Amino acid sequence: MAGPETGSVPLELERLRRSVDVGFATTRGDLALLLQRADQTDKTLSEHEDRLDTLERGRWPLPSLAAITSCTALAVTLWQSGGR
C-alpha cells in the first residue's frame, strides 16, 4: 500500500480474504485426502488381521505335539526299563 488511499484498502482486504479462502480450500482438500488414505489403511490392516487370525487357527499345535511326544517317549522308556 503506497498511501492511505481509501479505495486500495478494501481491495487489498478482498485479495487477502481470497488468498485465505484458497489456502483453507487447499488445506481441506489435503485433509480429505489424508482421511481417505487413513480409511484405506485401516481397511487393509483389518483384512490382514483377519488373514492372520485364520492362519493362526489353522496352524499345527506344535507345543501340544511336543508335549505328547515327550510323554510318549517317557512312557516307552519306563515300559522298557520296567520290562527288563
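All of the points below concern the structure found in this document. This structure is a prediction, so every number in the text was calculated from the model and none was measured.

Let's shift gears to the overall build of the protein. Scanning the protein from N- to C-terminus turns up two helices and zero strands. Taken against the 2.2 N^0.38 rule, which gives 12 Å for 84 residues, the C-alpha radius of gyration of the protein at 36 Å runs more than 25% over that of a compact globule. With the C-alpha coordinates of the protein rotated into their principal frame, the extents come out at 120 × 20 × 10 Å. When each of the 84 residues of the protein is scored for burial, the buried share is 1%. Surface summary for the protein: the accessible area is close to 7900 Å², and the carbon and sulfur share equals 63%. Across the protein, the centroid of the 10 positively charged side chains sits 8 Å from that of the 12 negatively charged ones.

Our next topic: a negative patch on the surface. On the surface, E47, E49, D50, D53 and E56 cluster together into a patch of negative charge. Tracing the sequence through the fold places E49 in helix α1 (residues 8–58). We classify E49 as partly exposed; its relative accessible area is 45%.

In this section: the pattern of salt bridges. Inspection of the entire model under this criterion finds three salt bridges. Note that R15 is salt-bridged to E12, the shortest N-O span being 3.1 Å. One end of the pair, R15, and the other, E12, are both in helix α1, three residues apart, so they sit about a helical turn from each other. D21 is the partner of R17 in a salt bridge, and the nearest nitrogen-oxygen pair spans 2.9 Å. Of this pair, R17 and D21 both sit in helix α1, four residues apart, which is roughly one turn of that helix. Here R17 falls in the partly exposed class, since its relative accessible area comes to 48%. Looking at D21, the relative accessible area reads 36%, which means it is partly exposed. Residues joined by salt bridges that share partners form a network here, namely E14, R17 and D21.

On the surface, V9, L13, L16, V20 and F24 cluster together into a nonpolar patch covering about 460 Å² of accessible area. If you trace the backbone, V20 turns up in helix α1.

Take the environment of A75 next. Position of A75 relative to the elements: it lies in helix α2 (residues 62–83). Here the alpha-carbon distance between A75 and R59, two residues 16 residues apart in the chain, equals 27 Å.

With that settled, consider the environment of P10. For P10, the location among the structural elements is in helix α1. The sequence separation of P10 and G83 amounts to 73 residues, and the corresponding C-alpha distance is 109 Å.

What counts, and at which threshold
Residues numbered from 1 in each chain as written. Predicted model: local features only at pLDDT ≥ 70, side-chain atom pairs only at ≥ 80, totals over all residues. Heavy atoms only, no water. Helix = DSSP H or I, 4+ residues; strand = E, 2+ residues; numbered from the N terminus. Rg over C-alpha atoms; globule rule 2.2 N^0.38 Å. Buried < 20%, exposed > 50% of the residue type's maximum accessible area, 1.4 Å probe, protein only. Areas by Shrake-Rupley, 256 points an atom, 1.4 Å probe, with all protein chains shown as cover. Lys, Arg positive; Asp, Glu negative; His and termini not counted. Charge placed at Lys NZ, Arg CZ, Asp CG, Glu CD. Patch = residues over 30% accessible without salt bridge, like charges linked within 9 Å, V, L, I, M, F, W, Y side chains within 5 Å. Salt bridge = Lys/Arg side-chain N within 4 Å of Asp/Glu carboxyl O.

Nothing here speaks to function; it is geometry throughout.
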